[in-house]
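# Tertiary structure, described
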4 protein chains.
Amino acid sequence: MNDDYDFEMSWKVRDYECDLQGIVNNAIYMHYLEFTRNEFLNQTGTNLGDLHAMGIDIVLARITMSLKTPLRPGDEVLSKMKISKEKIKYVFNQDLYRKSDNKIVCRAIVELVSLINGKLGNSKIVDKLLLTQIKDKNDSKFS
Amino acid sequence: MNDDYDFEMSWKVRDYECDLQGIVNNAIYMHYLEFTRNEFLNQTGTNLGDLHAMGIDIVLARITMSLKTPLRPGDEVLSKMKISKEKIKYVFNQDLYRKSDNKIVCRAIVELVSLINGKLGNSKIVDKLLLTQIKDKNDSKFS
Amino acid sequence: MNDDYDFEMSWKVRDYECDLQGIVNNAIYMHYLEFTRNEFLNQTGTNLGDLHAMGIDIVLARITMSLKTPLRPGDEVLSKMKISKEKIKYVFNQDLYRKSDNKIVCRAIVELVSLINGKLGNSKIVDKLLLTQIKDKNDSKFS
Amino acid sequence: MNDDYDFEMSWKVRDYECDLQGIVNNAIYMHYLEFTRNEFLNQTGTNLGDLHAMGIDIVLARITMSLKTPLRPGDEVLSKMKISKEKIKYVFNQDLYRKSDNKIVCRAIVELVSLINGKLGNSKIVDKLLLTQIKDKNDSKFS
(Lines give C-alpha, C1' and ligand atoms only; values in the text may rest on other atoms or scores of the structure.)
Protein backbone atom coordinates (compact mmCIF):
# COMPACT_ATOMS: atom_id res chain seq x y z
CA MET A 1 0.00 0.00 0.00
CA ASN A 2 1.21 3.50 -0.79
CA ASP A 3 2.42 5.27 2.34
CA ASP A 4 0.14 8.21 1.61
CA TYR A 5 -2.89 6.13 2.56
CA ASP A 6 -3.84 4.49 5.89
CA PHE A 7 -6.19 1.83 4.52
CA GLU A 8 -7.17 0.25 1.25
CA MET A 9 -9.58 -2.40 0.01
CA SER A 10 -11.18 -3.46 -3.25
CA TRP A 11 -14.41 -5.00 -4.57
CA LYS A 12 -16.35 -5.48 -7.78
CA VAL A 13 -19.19 -3.31 -9.07
CA ARG A 14 -22.55 -5.05 -8.71
CA ASP A 15 -24.85 -4.75 -11.75
CA TYR A 16 -27.78 -3.52 -9.62
CA GLU A 17 -25.69 -0.50 -8.62
CA CYS A 18 -25.88 0.80 -12.20
CA ASP A 19 -28.72 3.06 -13.26
CA LEU A 20 -30.47 3.64 -16.57
CA GLN A 21 -27.40 5.45 -17.89
CA GLY A 22 -25.57 2.10 -17.58
CA ILE A 23 -23.08 3.48 -15.04
CA VAL A 24 -22.82 3.25 -11.26
CA ASN A 25 -25.39 5.66 -9.80
CA ASN A 26 -24.13 8.75 -7.94
CA ALA A 27 -25.60 7.70 -4.64
CA ILE A 28 -23.67 4.43 -4.76
CA TYR A 29 -20.40 6.36 -4.41
CA MET A 30 -21.62 7.48 -1.01
CA HIS A 31 -22.23 3.83 -0.17
CA TYR A 32 -18.76 2.89 -1.44
CA LEU A 33 -17.10 5.58 0.67
CA GLU A 34 -19.14 4.66 3.75
CA PHE A 35 -18.45 0.97 3.17
CA THR A 36 -14.68 1.63 3.16
CA ARG A 37 -14.84 3.67 6.36
CA ASN A 38 -16.92 0.99 8.06
CA GLU A 39 -14.57 -1.80 7.03
CA PHE A 40 -11.75 0.23 8.55
CA LEU A 41 -13.81 0.58 11.74
CA ASN A 42 -14.64 -3.13 11.69
CA GLN A 43 -10.93 -3.96 11.90
CA THR A 44 -11.13 -2.79 15.51
CA GLY A 45 -13.77 -5.44 16.22
CA THR A 46 -16.70 -3.02 16.40
CA ASN A 47 -19.29 -1.61 14.00
CA LEU A 48 -21.79 1.25 13.68
CA GLY A 49 -24.57 -0.89 15.14
CA ASP A 50 -22.59 -1.65 18.32
CA LEU A 51 -21.65 2.00 18.72
CA HIS A 52 -25.28 3.08 18.14
CA ALA A 53 -26.36 0.69 20.93
CA MET A 54 -23.83 2.47 23.19
CA GLY A 55 -25.37 5.86 22.31
CA ILE A 56 -22.59 6.83 19.90
CA ASP A 57 -23.23 7.68 16.25
CA ILE A 58 -20.54 8.71 13.77
CA VAL A 59 -22.32 10.90 11.24
CA LEU A 60 -21.46 12.70 8.04
CA ALA A 61 -21.08 16.46 8.44
CA ARG A 62 -19.68 17.43 5.05
CA ILE A 63 -18.46 15.85 1.85
CA THR A 64 -16.78 17.14 -1.29
CA MET A 65 -16.70 14.60 -4.06
CA SER A 66 -15.42 14.81 -7.64
CA LEU A 67 -16.33 12.12 -10.11
CA LYS A 68 -13.71 11.67 -12.82
CA THR A 69 -14.49 8.38 -14.59
CA PRO A 70 -17.76 6.45 -14.49
CA LEU A 71 -17.74 2.86 -13.23
CA ARG A 72 -19.51 0.17 -15.26
CA PRO A 73 -20.69 -3.41 -14.67
CA GLY A 74 -17.72 -5.70 -14.18
CA ASP A 75 -15.29 -2.97 -13.08
CA GLU A 76 -13.20 -3.58 -9.98
CA VAL A 77 -12.90 -0.70 -7.53
CA LEU A 78 -9.79 0.02 -5.49
CA SER A 79 -10.61 2.22 -2.51
CA LYS A 80 -7.86 4.06 -0.60
CA MET A 81 -8.23 6.23 2.47
CA LYS A 82 -6.20 8.57 4.69
CA ILE A 83 -7.51 9.68 8.08
CA SER A 84 -6.79 12.72 10.23
CA LYS A 85 -8.49 14.65 13.02
CA GLU A 86 -9.16 18.38 13.08
CA LYS A 87 -10.69 19.54 16.37
CA ILE A 88 -13.83 17.41 16.76
CA LYS A 89 -13.95 16.38 13.09
CA TYR A 90 -12.56 13.20 11.58
CA VAL A 91 -11.38 13.95 8.06
CA PHE A 92 -11.21 11.08 5.56
CA ASN A 93 -9.43 11.65 2.27
CA GLN A 94 -10.93 8.93 0.14
CA ASP A 95 -9.97 8.03 -3.42
CA LEU A 96 -11.56 5.38 -5.61
CA TYR A 97 -9.65 3.92 -8.57
CA ARG A 98 -10.66 1.62 -11.42
CA LYS A 99 -8.40 -1.32 -10.75
CA SER A 100 -7.85 -2.43 -14.37
CA ASP A 101 -5.95 0.74 -15.36
CA ASN A 102 -5.53 2.54 -12.01
CA LYS A 103 -7.55 5.48 -13.37
CA ILE A 104 -8.97 7.79 -10.72
CA VAL A 105 -12.75 7.38 -10.45
CA CYS A 106 -13.65 9.56 -7.48
CA ARG A 107 -11.85 11.87 -5.09
CA ALA A 108 -13.62 12.75 -1.86
CA ILE A 109 -12.94 14.63 1.33
CA VAL A 110 -15.34 13.41 3.97
CA GLU A 111 -15.81 15.04 7.37
CA LEU A 112 -17.51 13.09 10.15
CA VAL A 113 -18.45 13.98 13.70
CA SER A 114 -19.52 11.99 16.73
CA LEU A 115 -22.95 12.32 18.27
CA ILE A 116 -23.08 11.18 21.89
CA ASN A 117 -26.69 10.51 22.87
CA GLY A 118 -27.68 12.68 19.93
CA LYS A 119 -25.43 15.62 20.88
CA LEU A 120 -22.32 16.73 19.01
CA GLY A 121 -19.27 15.80 21.07
CA ASN A 122 -15.77 14.46 21.23
CA SER A 123 -15.83 10.72 21.87
CA LYS A 124 -12.66 9.23 23.32
CA ILE A 125 -13.98 5.82 22.26
CA VAL A 126 -14.24 6.90 18.62
CA ASP A 127 -10.81 8.55 18.84
CA LYS A 128 -9.36 5.32 20.05
CA LEU A 129 -11.12 3.21 17.42
CA LEU A 130 -10.23 5.42 14.47
CA LEU A 131 -6.92 6.98 15.38
CA THR A 132 -4.99 4.24 17.19
CA GLN A 133 -4.90 2.16 14.03
CA ILE A 134 -3.21 4.96 12.14
CA LYS A 135 -0.80 5.73 14.95
CA ASP A 136 0.21 2.09 15.14
CA LYS A 137 0.78 2.05 11.43
CA ASN A 138 2.83 5.22 11.50
CA ASP A 139 4.86 4.03 14.47
CA SER A 140 5.69 0.78 12.73
CA LYS A 141 6.97 2.71 9.73
CA PHE A 142 9.92 3.88 11.75
CA SER A 143 10.57 0.80 13.81
CA MET B 1 -41.73 30.14 -3.69
CA ASN B 2 -38.86 32.35 -2.61
CA ASP B 3 -37.44 34.29 -5.54
CA ASP B 4 -33.96 33.02 -4.72
CA TYR B 5 -34.91 29.57 -5.97
CA ASP B 6 -35.98 28.37 -9.42
CA PHE B 7 -37.81 25.22 -8.37
CA GLU B 8 -39.14 23.56 -5.25
CA MET B 9 -40.95 20.37 -4.32
CA SER B 10 -41.57 18.28 -1.21
CA TRP B 11 -42.07 14.67 -0.16
CA LYS B 12 -42.06 12.47 2.91
CA VAL B 13 -39.15 10.38 4.21
CA ARG B 14 -39.72 6.67 3.58
CA ASP B 15 -38.84 4.39 6.51
CA TYR B 16 -36.65 2.16 4.34
CA GLU B 17 -34.41 5.13 3.65
CA CYS B 18 -33.29 5.13 7.29
CA ASP B 19 -30.28 3.09 8.36
CA LEU B 20 -29.33 1.40 11.61
CA GLN B 21 -28.66 4.79 13.19
CA GLY B 22 -32.41 5.48 12.76
CA ILE B 23 -31.78 8.43 10.43
CA VAL B 24 -31.90 8.86 6.67
CA ASN B 25 -28.72 7.30 5.25
CA ASN B 26 -26.11 9.58 3.66
CA ALA B 27 -26.48 8.08 0.22
CA ILE B 28 -30.20 8.87 0.21
CA TYR B 29 -29.39 12.58 0.16
CA MET B 30 -27.77 12.01 -3.21
CA HIS B 31 -31.01 10.34 -4.32
CA TYR B 32 -33.06 13.25 -2.96
CA LEU B 33 -30.95 15.81 -4.80
CA GLU B 34 -31.01 13.79 -8.02
CA PHE B 35 -34.76 13.25 -7.68
CA THR B 36 -35.34 17.01 -7.44
CA ARG B 37 -33.21 17.73 -10.50
CA ASN B 38 -35.00 15.02 -12.47
CA GLU B 39 -38.44 16.31 -11.51
CA PHE B 40 -37.34 19.71 -12.74
CA LEU B 41 -36.20 18.09 -15.99
CA ASN B 42 -39.45 16.12 -16.25
CA GLN B 43 -41.42 19.38 -16.34
CA THR B 44 -40.09 19.80 -19.86
CA GLY B 45 -41.70 16.51 -20.88
CA THR B 46 -38.48 14.53 -21.04
CA ASN B 47 -36.40 12.37 -18.68
CA LEU B 48 -32.92 10.88 -18.29
CA GLY B 49 -34.00 7.66 -20.02
CA ASP B 50 -35.19 9.51 -23.15
CA LEU B 51 -32.02 11.57 -23.25
CA HIS B 52 -29.86 8.45 -22.78
CA ALA B 53 -31.64 6.85 -25.77
CA MET B 54 -30.66 9.96 -27.77
CA GLY B 55 -27.02 9.51 -26.73
CA ILE B 56 -27.08 12.30 -24.15
CA ASP B 57 -26.26 11.73 -20.48
CA ILE B 58 -26.26 14.43 -17.82
CA VAL B 59 -23.74 13.27 -15.23
CA LEU B 60 -22.46 14.43 -11.87
CA ALA B 61 -19.00 16.01 -12.02
CA ARG B 62 -18.69 17.41 -8.50
CA ILE B 63 -20.73 17.86 -5.35
CA THR B 64 -20.19 19.64 -2.06
CA MET B 65 -22.76 18.72 0.54
CA SER B 66 -23.14 19.77 4.18
CA LEU B 67 -25.52 17.87 6.43
CA LYS B 68 -26.92 20.03 9.23
CA THR B 69 -29.86 18.13 10.72
CA PRO B 70 -30.64 14.45 10.34
CA LEU B 71 -33.98 13.41 8.85
CA ARG B 72 -36.05 10.76 10.60
CA PRO B 73 -39.04 8.56 9.71
CA GLY B 74 -42.13 10.68 9.22
CA ASP B 75 -40.27 13.90 8.42
CA GLU B 76 -41.36 15.89 5.39
CA VAL B 77 -38.63 17.24 3.16
CA LEU B 78 -38.83 20.56 1.32
CA SER B 79 -36.35 20.68 -1.54
CA LYS B 80 -35.39 23.98 -3.19
CA MET B 81 -33.09 24.53 -6.12
CA LYS B 82 -31.41 27.33 -8.07
CA ILE B 83 -29.78 26.68 -11.45
CA SER B 84 -27.04 28.47 -13.35
CA LYS B 85 -24.54 27.67 -16.08
CA GLU B 86 -20.78 28.21 -15.93
CA LYS B 87 -19.05 27.36 -19.21
CA ILE B 88 -20.05 23.75 -19.91
CA LYS B 89 -21.15 23.05 -16.31
CA TYR B 90 -24.67 23.25 -14.95
CA VAL B 91 -24.52 24.38 -11.32
CA PHE B 92 -27.40 23.46 -9.03
CA ASN B 93 -27.58 25.10 -5.61
CA GLN B 94 -29.78 22.68 -3.74
CA ASP B 95 -31.10 23.05 -0.21
CA LEU B 96 -33.21 20.58 1.72
CA TYR B 97 -35.35 21.72 4.65
CA ARG B 98 -37.33 19.84 7.29
CA LYS B 99 -40.81 21.09 6.53
CA SER B 100 -42.19 21.02 10.09
CA ASP B 101 -39.86 23.74 11.39
CA ASN B 102 -38.13 24.95 8.19
CA LYS B 103 -34.77 23.88 9.65
CA ILE B 104 -32.00 23.44 7.10
CA VAL B 105 -31.15 19.76 6.62
CA CYS B 106 -28.67 19.78 3.76
CA ARG B 107 -26.94 22.38 1.61
CA ALA B 108 -25.40 21.20 -1.62
CA ILE B 109 -23.68 22.65 -4.65
CA VAL B 110 -23.95 20.17 -7.48
CA GLU B 111 -22.09 20.47 -10.78
CA LEU B 112 -23.24 18.44 -13.76
CA VAL B 113 -21.95 18.08 -17.29
CA SER B 114 -23.34 16.63 -20.51
CA LEU B 115 -21.86 13.59 -22.18
CA ILE B 116 -22.72 13.33 -25.88
CA ASN B 117 -22.16 9.78 -27.07
CA GLY B 118 -19.92 9.35 -24.04
CA LYS B 119 -17.82 12.47 -24.69
CA LEU B 120 -17.86 15.64 -22.60
CA GLY B 121 -19.61 18.35 -24.57
CA ASN B 122 -22.00 21.27 -24.65
CA SER B 123 -25.49 20.06 -25.55
CA LYS B 124 -27.84 22.69 -26.93
CA ILE B 125 -30.69 20.28 -26.16
CA VAL B 126 -29.76 20.14 -22.48
CA ASP B 127 -29.27 23.91 -22.42
CA LYS B 128 -32.77 24.35 -23.77
CA LEU B 129 -34.31 21.83 -21.38
CA LEU B 130 -32.65 23.18 -18.25
CA LEU B 131 -32.20 26.88 -18.89
CA THR B 132 -35.33 27.92 -20.79
CA GLN B 133 -37.47 27.15 -17.77
CA ILE B 134 -35.46 29.52 -15.60
CA LYS B 135 -35.39 32.23 -18.24
CA ASP B 136 -39.16 32.03 -18.62
CA LYS B 137 -39.54 32.29 -14.89
CA ASN B 138 -37.20 35.23 -14.62
CA ASP B 139 -38.85 36.99 -17.54
CA SER B 140 -42.27 36.61 -15.99
CA LYS B 141 -41.00 38.17 -12.75
CA PHE B 142 -40.73 41.48 -14.48
CA SER B 143 -43.72 41.30 -16.73
CA MET C 1 -61.49 2.86 -3.26
CA ASN C 2 -62.57 -0.59 -4.27
CA ASP C 3 -64.15 -2.45 -1.33
CA ASP C 4 -61.81 -5.38 -1.90
CA TYR C 5 -58.91 -3.34 -0.57
CA ASP C 6 -58.31 -1.81 2.86
CA PHE C 7 -55.84 0.87 1.83
CA GLU C 8 -54.49 2.53 -1.28
CA MET C 9 -51.99 5.20 -2.20
CA SER C 10 -50.03 6.33 -5.24
CA TRP C 11 -46.68 7.89 -6.16
CA LYS C 12 -44.42 8.45 -9.13
CA VAL C 13 -41.46 6.30 -10.15
CA ARG C 14 -38.15 8.02 -9.40
CA ASP C 15 -35.54 7.80 -12.18
CA TYR C 16 -32.86 6.52 -9.78
CA GLU C 17 -35.03 3.47 -9.07
CA CYS C 18 -34.46 2.25 -12.63
CA ASP C 19 -31.50 0.02 -13.44
CA LEU C 20 -29.41 -0.46 -16.55
CA GLN C 21 -32.33 -2.26 -18.24
CA GLY C 22 -34.18 1.08 -18.07
CA ILE C 23 -36.93 -0.35 -15.83
CA VAL C 24 -37.61 -0.21 -12.09
CA ASN C 25 -35.19 -2.65 -10.42
CA ASN C 26 -36.63 -5.79 -8.79
CA ALA C 27 -35.54 -4.81 -5.31
CA ILE C 28 -37.45 -1.54 -5.56
CA TYR C 29 -40.73 -3.49 -5.63
CA MET C 30 -39.88 -4.68 -2.13
CA HIS C 31 -39.37 -1.04 -1.14
CA TYR C 32 -42.69 -0.08 -2.76
CA LEU C 33 -44.57 -2.81 -0.91
CA GLU C 34 -42.87 -1.97 2.39
CA PHE C 35 -43.50 1.74 1.85
CA THR C 36 -47.22 1.10 1.40
CA ARG C 37 -47.42 -1.02 4.57
CA ASN C 38 -45.53 1.61 6.53
CA GLU C 39 -47.78 4.43 5.31
CA PHE C 40 -50.74 2.37 6.46
CA LEU C 41 -49.04 1.94 9.85
CA ASN C 42 -48.20 5.65 10.00
CA GLN C 43 -51.90 6.50 9.79
CA THR C 44 -52.10 5.24 13.39
CA GLY C 45 -49.55 7.86 14.44
CA THR C 46 -46.67 5.43 14.89
CA ASN C 47 -43.84 4.06 12.75
CA LEU C 48 -41.32 1.20 12.63
CA GLY C 49 -38.70 3.32 14.43
CA ASP C 50 -41.01 4.02 17.40
CA LEU C 51 -41.98 0.35 17.60
CA HIS C 52 -38.32 -0.71 17.40
CA ALA C 53 -37.53 1.61 20.34
CA MET C 54 -40.31 -0.23 22.27
CA GLY C 55 -38.67 -3.58 21.47
CA ILE C 56 -41.17 -4.52 18.77
CA ASP C 57 -40.15 -5.28 15.19
CA ILE C 58 -42.56 -6.25 12.43
CA VAL C 59 -40.50 -8.38 10.05
CA LEU C 60 -41.01 -10.11 6.73
CA ALA C 61 -41.44 -13.88 7.00
CA ARG C 62 -42.46 -14.76 3.46
CA ILE C 63 -43.33 -13.11 0.17
CA THR C 64 -44.66 -14.33 -3.15
CA MET C 65 -44.44 -11.72 -5.86
CA SER C 66 -45.35 -11.85 -9.56
CA LEU C 67 -44.15 -9.10 -11.86
CA LYS C 68 -46.47 -8.57 -14.82
CA THR C 69 -45.52 -5.25 -16.42
CA PRO C 70 -42.27 -3.32 -15.93
CA LEU C 71 -42.44 0.23 -14.59
CA ARG C 72 -40.45 2.97 -16.35
CA PRO C 73 -39.35 6.54 -15.56
CA GLY C 74 -42.36 8.81 -15.33
CA ASP C 75 -44.88 6.06 -14.57
CA GLU C 76 -47.31 6.60 -11.71
CA VAL C 77 -47.87 3.66 -9.37
CA LEU C 78 -51.17 2.89 -7.71
CA SER C 79 -50.67 0.63 -4.69
CA LYS C 80 -53.60 -1.25 -3.14
CA MET C 81 -53.58 -3.47 -0.10
CA LYS C 82 -55.81 -5.86 1.82
CA ILE C 83 -54.91 -7.05 5.32
CA SER C 84 -55.84 -10.13 7.32
CA LYS C 85 -54.47 -12.14 10.21
CA GLU C 86 -53.78 -15.88 10.26
CA LYS C 87 -52.62 -17.11 13.67
CA ILE C 88 -49.55 -14.98 14.45
CA LYS C 89 -49.03 -13.89 10.85
CA TYR C 90 -50.25 -10.68 9.26
CA VAL C 91 -51.06 -11.33 5.62
CA PHE C 92 -50.96 -8.42 3.19
CA ASN C 93 -52.37 -8.90 -0.30
CA GLN C 94 -50.65 -6.14 -2.18
CA ASP C 95 -51.21 -5.15 -5.81
CA LEU C 96 -49.40 -2.46 -7.75
CA TYR C 97 -50.98 -0.92 -10.86
CA ARG C 98 -49.67 1.43 -13.53
CA LYS C 99 -51.97 4.37 -13.04
CA SER C 100 -52.12 5.56 -16.66
CA ASP C 101 -53.91 2.43 -17.94
CA ASN C 102 -54.71 0.56 -14.70
CA LYS C 103 -52.54 -2.37 -15.88
CA ILE C 104 -51.41 -4.74 -13.16
CA VAL C 105 -47.68 -4.35 -12.47
CA CYS C 106 -47.12 -6.59 -9.48
CA ARG C 107 -49.16 -8.97 -7.35
CA ALA C 108 -47.75 -9.91 -3.96
CA ILE C 109 -48.76 -11.87 -0.91
CA VAL C 110 -46.66 -10.71 2.01
CA GLU C 111 -46.55 -12.41 5.41
CA LEU C 112 -45.18 -10.54 8.38
CA VAL C 113 -44.64 -11.51 12.00
CA SER C 114 -43.89 -9.60 15.19
CA LEU C 115 -40.65 -9.96 17.08
CA ILE C 116 -40.89 -8.90 20.72
CA ASN C 117 -37.41 -8.24 22.08
CA GLY C 118 -36.13 -10.37 19.22
CA LYS C 119 -38.47 -13.32 19.88
CA LEU C 120 -41.35 -14.38 17.65
CA GLY C 121 -44.59 -13.48 19.37
CA ASN C 122 -48.10 -12.14 19.19
CA SER C 123 -48.11 -8.43 19.92
CA LYS C 124 -51.43 -6.96 21.04
CA ILE C 125 -50.00 -3.53 20.21
CA VAL C 126 -49.35 -4.53 16.61
CA ASP C 127 -52.77 -6.17 16.41
CA LYS C 128 -54.36 -2.96 17.53
CA LEU C 129 -52.32 -0.80 15.14
CA LEU C 130 -52.88 -2.93 12.08
CA LEU C 131 -56.28 -4.52 12.59
CA THR C 132 -58.37 -1.80 14.24
CA GLN C 133 -58.14 0.35 11.13
CA ILE C 134 -59.63 -2.40 9.00
CA LYS C 135 -62.31 -3.21 11.51
CA ASP C 136 -63.32 0.44 11.69
CA LYS C 137 -63.47 0.57 7.93
CA ASN C 138 -65.56 -2.60 7.70
CA ASP C 139 -67.88 -1.45 10.48
CA SER C 140 -68.49 1.83 8.74
CA LYS C 141 -69.47 0.02 5.55
CA PHE C 142 -72.63 -1.20 7.20
CA SER C 143 -73.44 1.79 9.30
CA MET D 1 -19.51 -27.38 -3.25
CA ASN D 2 -22.48 -29.58 -2.49
CA ASP D 3 -23.66 -31.44 -5.61
CA ASP D 4 -27.19 -30.13 -5.09
CA TYR D 5 -26.13 -26.65 -6.15
CA ASP D 6 -24.69 -25.37 -9.44
CA PHE D 7 -22.99 -22.25 -8.11
CA GLU D 8 -21.99 -20.67 -4.85
CA MET D 9 -20.30 -17.50 -3.63
CA SER D 10 -20.02 -15.49 -0.42
CA TRP D 11 -19.63 -11.90 0.74
CA LYS D 12 -19.97 -9.77 3.85
CA VAL D 13 -23.01 -7.73 4.87
CA ARG D 14 -22.40 -4.00 4.40
CA ASP D 15 -23.57 -1.79 7.27
CA TYR D 16 -25.53 0.51 4.92
CA GLU D 17 -27.68 -2.46 3.90
CA CYS D 18 -29.20 -2.54 7.41
CA ASP D 19 -32.29 -0.52 8.21
CA LEU D 20 -33.58 1.09 11.37
CA GLN D 21 -34.42 -2.34 12.79
CA GLY D 22 -30.65 -3.01 12.76
CA ILE D 23 -31.01 -5.91 10.30
CA VAL D 24 -30.49 -6.27 6.57
CA ASN D 25 -33.49 -4.65 4.84
CA ASN D 26 -35.92 -6.90 2.94
CA ALA D 27 -35.18 -5.31 -0.40
CA ILE D 28 -31.48 -6.10 -0.03
CA TYR D 29 -32.29 -9.82 -0.26
CA MET D 30 -33.52 -9.16 -3.77
CA HIS D 31 -30.19 -7.47 -4.50
CA TYR D 32 -28.30 -10.41 -2.97
CA LEU D 33 -30.19 -12.94 -5.09
CA GLU D 34 -29.79 -10.83 -8.25
CA PHE D 35 -26.09 -10.30 -7.47
CA THR D 36 -25.54 -14.06 -7.25
CA ARG D 37 -27.33 -14.71 -10.56
CA ASN D 38 -25.34 -11.96 -12.26
CA GLU D 39 -22.01 -13.27 -10.96
CA PHE D 40 -22.97 -16.65 -12.38
CA LEU D 41 -23.76 -14.95 -15.71
CA ASN D 42 -20.50 -12.98 -15.57
CA GLN D 43 -18.53 -16.23 -15.49
CA THR D 44 -19.47 -16.57 -19.17
CA GLY D 45 -17.76 -13.25 -19.92
CA THR D 46 -20.96 -11.26 -20.38
CA ASN D 47 -23.27 -9.16 -18.20
CA LEU D 48 -26.78 -7.68 -18.16
CA GLY D 49 -25.52 -4.42 -19.69
CA ASP D 50 -23.99 -6.19 -22.70
CA LEU D 51 -27.15 -8.24 -23.19
CA HIS D 52 -29.33 -5.13 -22.90
CA ALA D 53 -27.25 -3.46 -25.64
CA MET D 54 -28.01 -6.55 -27.80
CA GLY D 55 -31.74 -6.10 -27.16
CA ILE D 56 -31.95 -8.95 -24.66
CA ASP D 57 -33.17 -8.46 -21.09
CA ILE D 58 -33.46 -11.23 -18.51
CA VAL D 59 -36.25 -10.12 -16.18
CA LEU D 60 -37.87 -11.36 -13.02
CA ALA D 61 -41.30 -12.94 -13.56
CA ARG D 62 -41.97 -14.41 -10.13
CA ILE D 63 -40.29 -14.95 -6.79
CA THR D 64 -41.18 -16.81 -3.61
CA MET D 65 -38.89 -15.96 -0.73
CA SER D 66 -38.92 -17.09 2.91
CA LEU D 67 -36.80 -15.25 5.44
CA LYS D 68 -35.70 -17.47 8.32
CA THR D 69 -32.94 -15.63 10.17
CA PRO D 70 -32.13 -11.92 9.96
CA LEU D 71 -28.65 -10.86 8.85
CA ARG D 72 -26.79 -8.24 10.88
CA PRO D 73 -23.72 -6.02 10.37
CA GLY D 74 -20.58 -8.12 10.15
CA ASP D 75 -22.35 -11.33 9.09
CA GLU D 76 -20.92 -13.26 6.17
CA VAL D 77 -23.42 -14.57 3.61
CA LEU D 78 -23.01 -17.82 1.75
CA SER D 79 -25.17 -17.87 -1.38
CA LYS D 80 -25.94 -21.13 -3.20
CA MET D 81 -27.91 -21.61 -6.37
CA LYS D 82 -29.38 -24.35 -8.56
CA ILE D 83 -30.62 -23.62 -12.08
CA SER D 84 -33.15 -25.36 -14.32
CA LYS D 85 -35.34 -24.51 -17.28
CA GLU D 86 -39.09 -25.04 -17.54
CA LYS D 87 -40.45 -24.11 -20.97
CA ILE D 88 -39.39 -20.47 -21.46
CA LYS D 89 -38.70 -19.87 -17.76
CA TYR D 90 -35.33 -20.12 -16.01
CA VAL D 91 -35.88 -21.32 -12.46
CA PHE D 92 -33.27 -20.47 -9.85
CA ASN D 93 -33.44 -22.19 -6.48
CA GLN D 94 -31.46 -19.81 -4.33
CA ASP D 95 -30.53 -20.27 -0.68
CA LEU D 96 -28.64 -17.84 1.52
CA TYR D 97 -26.83 -19.06 4.65
CA ARG D 98 -25.15 -17.25 7.53
CA LYS D 99 -21.60 -18.47 7.13
CA SER D 100 -20.60 -18.48 10.81
CA ASP D 101 -23.07 -21.24 11.78
CA ASN D 102 -24.44 -22.37 8.40
CA LYS D 103 -27.95 -21.32 9.49
CA ILE D 104 -30.41 -20.83 6.66
CA VAL D 105 -31.22 -17.14 6.19
CA CYS D 106 -33.37 -17.11 3.08
CA ARG D 107 -34.87 -19.64 0.70
CA ALA D 108 -36.05 -18.38 -2.66
CA ILE D 109 -37.44 -19.75 -5.89
CA VAL D 110 -36.87 -17.22 -8.62
CA GLU D 111 -38.35 -17.42 -12.10
CA LEU D 112 -36.88 -15.33 -14.89
CA VAL D 113 -37.80 -14.88 -18.53
CA SER D 114 -36.06 -13.36 -21.54
CA LEU D 115 -37.35 -10.29 -23.31
CA ILE D 116 -36.09 -9.94 -26.86
CA ASN D 117 -36.52 -6.35 -28.01
CA GLY D 118 -39.08 -6.00 -25.25
CA LYS D 119 -41.11 -9.11 -26.22
CA LEU D 120 -41.28 -12.31 -24.20
CA GLY D 121 -39.32 -14.98 -26.02
CA ASN D 122 -36.92 -17.88 -25.90
CA SER D 123 -33.37 -16.66 -26.39
CA LYS D 124 -30.87 -19.27 -27.57
CA ILE D 125 -28.14 -16.89 -26.45
CA VAL D 126 -29.45 -16.82 -22.88
CA ASP D 127 -29.93 -20.60 -22.97
CA LYS D 128 -26.33 -21.00 -23.95
CA LEU D 129 -25.05 -18.55 -21.33
CA LEU D 130 -27.03 -19.96 -18.44
CA LEU D 131 -27.43 -23.65 -19.21
CA THR D 132 -24.11 -24.65 -20.79
CA GLN D 133 -22.30 -23.96 -17.54
CA ILE D 134 -24.53 -26.39 -15.67
CA LYS D 135 -24.34 -29.02 -18.36
CA ASP D 136 -20.55 -28.83 -18.34
CA LYS D 137 -20.55 -29.16 -14.61
CA ASN D 138 -22.91 -32.13 -14.68
CA ASP D 139 -20.96 -33.81 -17.48
CA SER D 140 -17.72 -33.48 -15.58
CA LYS D 141 -19.30 -35.18 -12.57
CA PHE D 142 -19.41 -38.45 -14.45
CA SER D 143 -16.21 -38.15 -16.42
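Residues numbered from 1 in each chain as written. Chains lettered and ligands numbered in written order. Predicted model: local features only at pLDDT ≥ 70, side-chain atom pairs only at ≥ 80, totals over all residues. Heavy atoms only, no water.

This paragraph deals with the interface of chain B and chain C. At the interface, 16 residues of chain B touch 16 residues of chain C. Here chain B packs against chain C, burying approximately 1500 Å² in sum over the two surfaces, 49% of which is carbon and sulfur. When the buried surface of chain B facing chain C is broken down by residue, Arg14(B), Asp15(B) and Tyr16(B) rank first, second and third, together holding 43% of it. Inspection of the region where chain B meets chain C yields four salt bridges. Lys12(B) serves as the salt-bridge partner of Glu39(C), at 3.1 Å between the closest nitrogen and oxygen. Taken together, chain B and chain C are joined by four residue pairs in polar contact (both at pLDDT 80 or more). Elements with a contribution of two residues or more to the side of chain B that touches chain C: strand 1 (7-12) and helix 1 (26-42) of chain B. If one sorts the elements of the side of chain B that touches chain C by residue count, helix 1 of chain B sits on top with seven residues. Tallied by class, the residues present in the side of chain B that touches chain C amount to six nonpolar, four polar and six charged. (Contact = heavy atoms within 4.5 Å. Buried area = accessible area lost by both parts, 1.4 Å probe. Salt bridge = Lys/Arg side-chain N within 4 Å of Asp/Glu carboxyl O. Polar contact = N/O pair within 3.5 Å; in protein donor to acceptor, adjacent residues only side chain to side chain. Helix = DSSP H or I, 4+ residues; strand = E, 2+ residues; numbered from the N terminus. Nonpolar A, V, L, I, M, F, W, Y, C, P; charged D, E, K, R; others polar.)

Here we come to the layout of surface pockets. For the largest pocket, the calculated volume is near 820 Å³. Put simply, the parts of the chain that give the lining of the largest pocket at least two residues each are helix 2 (48-53) and strand 2 (56-67) of chain B together with helix 2 (48-53) and strand 2 (56-67) of chain D. Per-element tally for the lining of the largest pocket: the top contributor is helix 2 of chain B, with four residues. Taken together, the residues that form the lining of the largest pocket break down as 13 nonpolar, 16 polar and seven charged. In this structure, the second largest pocket occupies an estimated 710 Å³ of space. Along the wall of the second largest pocket there are 32 residues; nearest its centre are His52(A), Leu20(B), Gly22(B), His52(C) and Leu20(D). The greatest single-element share of the lining of the second largest pocket, amounting to four residues, is contributed by helix 2 (residues 48-53) of chain C. Across the lining of the second largest pocket, the residue classes break down as twelve nonpolar, 15 polar and five charged. (1 Å grid on protein atoms, 1.4 Å probe; cavity = no way out; pocket = protein on both sides within 12 Å on 5 of 7 lines; lining within 4 Å. Points joined across faces, edges and corners; volume = space filled by probe spheres on them.)

So, about the relation of the copies chain B and chain C. Mapping chain B onto chain C calls for a rotation angle of 180° and an axial translation of 0.0 Å; the resulting RMSD is 0.0 Å. The two molecules are tied by a two-fold rotation axis, judged by turn and shift. Identified as the residue of chain B closest to the rotation axis by C-alpha distance is Trp11(B), at 5.1 Å. Mapped onto chain C, 100% of the interface residues of chain B are again interface residues, and the two copies thus contact each other with one and the same surface. (Least-squares fit on C-alpha atoms with pLDDT ≥ 70 in both.)

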